[in-house]
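# Residue-level structure breakdown
This is what each chain is made of:
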Amino acid sequence: MATASATQRRAAELNVLARKQRSLWQDAAYRLFRNKAAVAGLIVIAAAFLVAIFADISVGDFHFSIAPYSPTLIPQPPASQMEPLWTGSKYTDPRYLLGTDFLGRDILSRLIYASRISMVVGFVPTAIVFALGVTVGLVAGFFGGWIDQLLMRFTDVIYAFPDFLFLIIIVASFRTSAFGKIMDGLLLIFVAIAIVGWVGVARLTRGQVLSLKEREFVEAARSVGATPVRLMWKHLLPNALAPLIVTAAFAVPGAILGEATLSFLGVGIIPPTASWGGMINEGFPLFGTNPWAVLMPALCISIVMLAFTFVGDGLRDALDPRMKT
Amino acid sequence: MLKYTIRRLLLVIPTLFFVALITFGLAKAAPGSPFDRNPDKPPKQEVIDRWNRFYGLDKPVYEQFAMYVVNVAKLDFGLSVVRQRPVVEIIGQGFPVTAQLGLQALLLALAVALPLGVISALKQNTIIDYVSLFFATIGTTIPSFVMAIFFIYFFALGLKLFPITGWGTPQHMVMPTIILAMGAAAFLARITRASMLEAIRQDYVRTARSKGLREQVVVVSHVLKNALIPVATVVGPAAAGLITGSFIIETFFSVPGMGREYVRSILALDYPVIMGTTLLYAFFIIIANLSVDLVYGMLDPRIKVAK
């Protein structure tokens, strides 16, 4: 660390305290981990990930599952509409900690398997949205011209189309096709969320690039002969990253909410595959008889959404205190 | 200003055209037809042909679209394929209900959010501030249909205060209105608080205080007046959120509005109804955003509307 010691020597010469150098990112991480709500959110998300992974895992001959039953197992004879054990009512069954749904399937197992859908649907479409949106936004902002014009006109139209309206129309149109049935409808939801979401990211990236590209450091890089690609990826993108990360942090729960709402309306994940929104949809007609079959998935959605929001708020405050609302 | 207004108003038409084009394209690209409702008993080919002729589905796609656009311009949205009734009639029946629900929710949201945001900004970092921030976070985070479940569980099943579903009496309206308003209220309260905090720190506020104005006067006529301008700009998006949020709430509470009709048509792939309602929704959202942009220009003389 020649530079560090040089800094320290120089600091010693000037007789000032040499503080350990911290990068912007280390600074942000430090602030994030001091935020109790954000840390709690991170823990919940990590736990949800573990549940999703260990819902059912096999490595070679080794099988492990934290779920007591298969999520689609209908026991014979079925014990349907059982309540959770702690309610102490006569409609409980010691085999089912959280009770059973209208077909007699174990609610705990279904909740565990459904966490997989929510975790996957949170992260995969967000990754697609950002890969696509950031690339288009960088190119449009950097080169301007007709690419930029095209993007802006296109986004104007998409903006008039309310996100969720667009999402539901895409999914509803294709859910009966062969494509809509791949992976119990997950693939269609991925694609639909990506189609709806990338435009906003592209617009955000473009705005960042427009304000950054006139700055001196870009001028300097250009003057020493940096190629456009290098300028975009090494100079513009890293400096535009903070708002993009914050947007991504909120895009993940947004996608989870999108899937849950679609499944709740009956156009999302195809039954009998368990998803939290779908469980609400199935249990709701009998809400008065067995509210727990609906309350449990509702609680799961609430907790996960809150966790992601806390992390998102924490990231926003950590990355740019000026953005704080 | 007038020129700008006219230009923005004229832009509404091409935007709606593209919304129609996208919806129409999706409808045509989608597999399945509204006529094969029952897979066990598919209708005879000659029956399908007759239906296709009746609805004009035997013509080339571009011709169908052109016909649709011309008809929409005459405010004719076609016939519901599933219910054999004009779409205009279906929308006309549901719209007053949706509008009432939406307006009630918007007023409630404003009535709760503005005082809450103002008070928590004036009492920043006190317990009042933390409690209202906590509720704002809950309100923006928990999805409306999940919130509705908790509400029904506690207030309808538990305390038996309100009927679970339906529409008509004031008791029926309480829960849908509150839940629909919640997201918008939380969002508006956060914006109000942030904007108040920014206004409080301005130099002109310090000047007002230092010249000895009473605190009340400072808050009302110096802070509030300026702090509410950014709030006015997000009322548009908030109203748009209410419009799209209403179809989930209406489905949930069996409210006979346009939103429930919309969800029903989506489940049944009743494209004339889907397209009609989508266009209307898009229209309201465009108008909501447009009116905000225009009002913003009037409220804040610093904003010079370009050209």
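Position labels on residues start from 1 in each chain and follow its written sequence. Each chain takes a letter, starting from A, and each ligand takes a number, starting from 1, following the order in which they are written. pLDDT decides what is reported in this predicted model: residues at 70 or higher carry local features, side-chain atom pairs at 80 or more are listed and counted, and totals for whole chains, interfaces and linings draw on all residues regardless. Each side-chain value is derived from all of the structure's non-hydrogen atoms; neither hydrogens nor water enter the calculation.

### Topic: the interface of chain A and chain B
We count it as follows: It only takes one pair of heavy atoms within 4.5 Å for two residues to be counted as in contact. Once two parts are joined, some of their accessible surface, as seen by a 1.4 Å probe, is lost; buried area is that loss totalled over both. Whenever a carboxyl oxygen of Asp or Glu lies within 4 Å of a side-chain nitrogen of Lys or Arg, that contact is scored as a salt bridge.
If you look at the interface, chain A gives 44 residues, while chain B gives 41 residues. Summing both sides of the interface, chain A and chain B together bury roughly 3600 Å²; the carbon and sulfur share of this comes to 84%. For the pair chain A and chain B, the number of links is one salt bridge. One salt bridge in this structure joins Arg190(B) and Asp313(A), with 3.6 Å as the shortest N-O distance.

### Observations regarding unusual backbone geometry
Our working rule: Put simply, DSSP marks the helices as runs of H or I at least four residues long and the strands as runs of E at least two long, and each gets a number from the N terminus on.
In the segment running from Pro271(A) into Pro272(A), the intervening peptide bond is cis, with an omega of 10°. Topologically, Pro272(A) is positioned in the loop between α9 (228-265) and α10 (276-283). Positive phi outside glycine occurs at Asn125(B), with the angle close to 60°. Mapped onto the secondary structure, Asn125(B) falls in the loop between α4 (87-122) and α5 (127-141). The residue Ser254(B) is not glycine, and still its phi comes out positive at about 50°.

### Comments concerning the pattern of salt bridges
Residue and element names in this part refer to chain A. Let me state the cut-off plainly: Burial classes follow relative accessibility: with a 1.4 Å probe on protein chains only, a residue under 20% of its type's maximum area counts as buried, one over 50% as exposed, and anything between as partly exposed.
Inspection of every chain in the model, using the stated rule, returns eleven salt bridges over all chains. The closest approach of N and O atoms between Asp313 and Arg316, which form a salt bridge, is 3.1 Å. Of the two residues, Asp313 and Arg316 are both situated in helix α11 (residues 292-319); the distance of three residues between them amounts to about one turn of the helix. In terms of burial, Asp313 and Arg316 fall into one category: buried.

### Remarks on the packing of helix α8 (residues 203-210) of chain B against helix α9 (residues 215-253) of chain B
Residues and elements named next belong to chain B. Note the following rule: Inter-axis angles, ranging from 0 to 180 degrees, are taken between N-to-C directions of lines fitted to C-alpha atoms, where helices are fitted over the stretch in contact. In these notes the angle categories are as follows: under 35 degrees is roughly parallel, over 145 is roughly antiparallel, 65 to 115 is roughly perpendicular, and the rest is oblique. Two helices cross in a left-handed way if the nearer one is turned anticlockwise from the farther one by less than a right angle. They cross in a right-handed way if the turn is clockwise. Asp, Glu, Lys and Arg are counted as charged, while Ala, Val, Leu, Ile, Met, Phe, Trp, Tyr, Cys and Pro are counted as nonpolar; the rest, among them Gly, fall into the polar class.
The N-to-C vectors of α8 and α9 enclose an angle of 165°; their axes lie 10 Å apart at closest approach. The orientation of α8 with respect to α9, classified from their angle, is roughly antiparallel. Where α8 crosses over α9, the handedness of that crossing is right-handed. Contact residues: Tyr204, Val205, Ala208 and Arg209 in α8; Glu215, Val218, His222, Val223 and Asn226 in α9. A class-by-class count of the residues in the contact of α8 with α9 yields five nonpolar, two polar and two charged.

### Remarks on the environment of Gln64(B)
Residue and element names in this part refer to chain B. Mapped onto the elements, Gln64 comes out in helix α3 (residues 61-73). Once the C-alpha coordinates of Gln64 and Lys44 are considered, the two residues, 20 residues apart in sequence, prove to be 24 Å apart. Leaving out residues up to four positions away in the same chain, Gln64 has contacts with Phe24, Lys28, Gly56, Leu57 and Lys59.

### A short note on the packing of aromatic side chains
Residues and elements named next belong to chain B. The following threshold applies: Between rings of Phe, Tyr and Trp, where Trp is taken as its six-membered ring, a pair exists when centres lie within 6.5 Å; planes separated by under 30 degrees are stacked, by over 60 edge-to-face, and by other angles tilted.
Tallying each qualifying case throughout the model produces 23 aromatic pairs over all chains. Geometrically, the ring pair formed by Phe24 and Phe65 is tilted, given 5.0 Å between the ring centres and 55° between the ring planes. Of this pair, Phe24 sits in helix α1 (residues 2-29) while Phe65 is found in helix α3, placing the two residues 41 residues apart along the sequence. Assigned by exposure class, Phe24 and Phe65 land together as buried. On the numbers, 5.1 Å between centres and 55° between planes, the contact of Phe247 with Tyr262 is tilted. Taken together, the residues span a long stretch of sequence, with Phe247 in helix α9 and Tyr262 in helix α10 (residues 258-268) at a distance of 15 residues. The same class applies to Phe247 as to Tyr262, namely buried.

### Focus: the confidence of the model for chain B
When pLDDT is low, close inspection of the predicted coordinates is not appropriate. Residue and element names in this part refer to chain B. Here is the rule we go by: The pLDDT value tells you how sure the predictor is about a given residue, anywhere from 0 up to 100.
Across chain B, the average pLDDT comes to 83, with 94% of residues at or above 70. The secondary structure element of chain B with the lowest average pLDDT is helix α2 (residues 45-54), at 77, and the one with the highest is α4, at 90. Overall fold confidence for the complex sits at a pTM of 0.84, while the interface term, ipTM, reaches 0.82.

### Quick look at helix α7 (residues 186-212) of chain A
Quick reminder of the rule: To estimate how far a helix should extend, the number of its residues minus one is multiplied by 1.5 Å. The bend at a residue is defined as the angle formed between two axes, one fitted to the seven residues ending at that residue and one fitted to the seven starting there.
The end-to-end C-alpha distance of α7(A) is 38 Å, a good match for the 39 Å that 27 residues give at a rise of 1.5 Å each. Along α7(A), the helix axis deviates most sharply at Gly197(A), where the bend reaches about 35°.

### Regarding empty space enclosed by the protein
All names here are of chain A. Selection criterion: Site definitions follow a grid-based scheme: protein atoms alone, a 1 Å grid, a 1.4 Å probe that fits but cannot get out for cavities, and for pockets an open set with protein on both sides within 12 Å along at least five of seven lines, plus lining residues having an atom within 4 Å of a point. Grid points are joined across faces, edges and corners, and a volume is the space filled by probe spheres set on the points.
Counted under the stated rule, the structure contains four cavities of 30 Å³ or more. In this structure, the largest cavity encloses a volume near 50 Å³. Asp101, Phe102, Ile107, Arg110, Met279, Glu282, Gly283 and Ala293 are the residues that line the largest cavity. Going through the elements one at a time, α4 (107-143) and α10 are the ones with two or more residues in the lining of the largest cavity. Ranked by residue count, the leading element in the lining of the largest cavity is α10, at three residues. Here the lining of the largest cavity is composed, by residue class, of four nonpolar, one polar and three charged.

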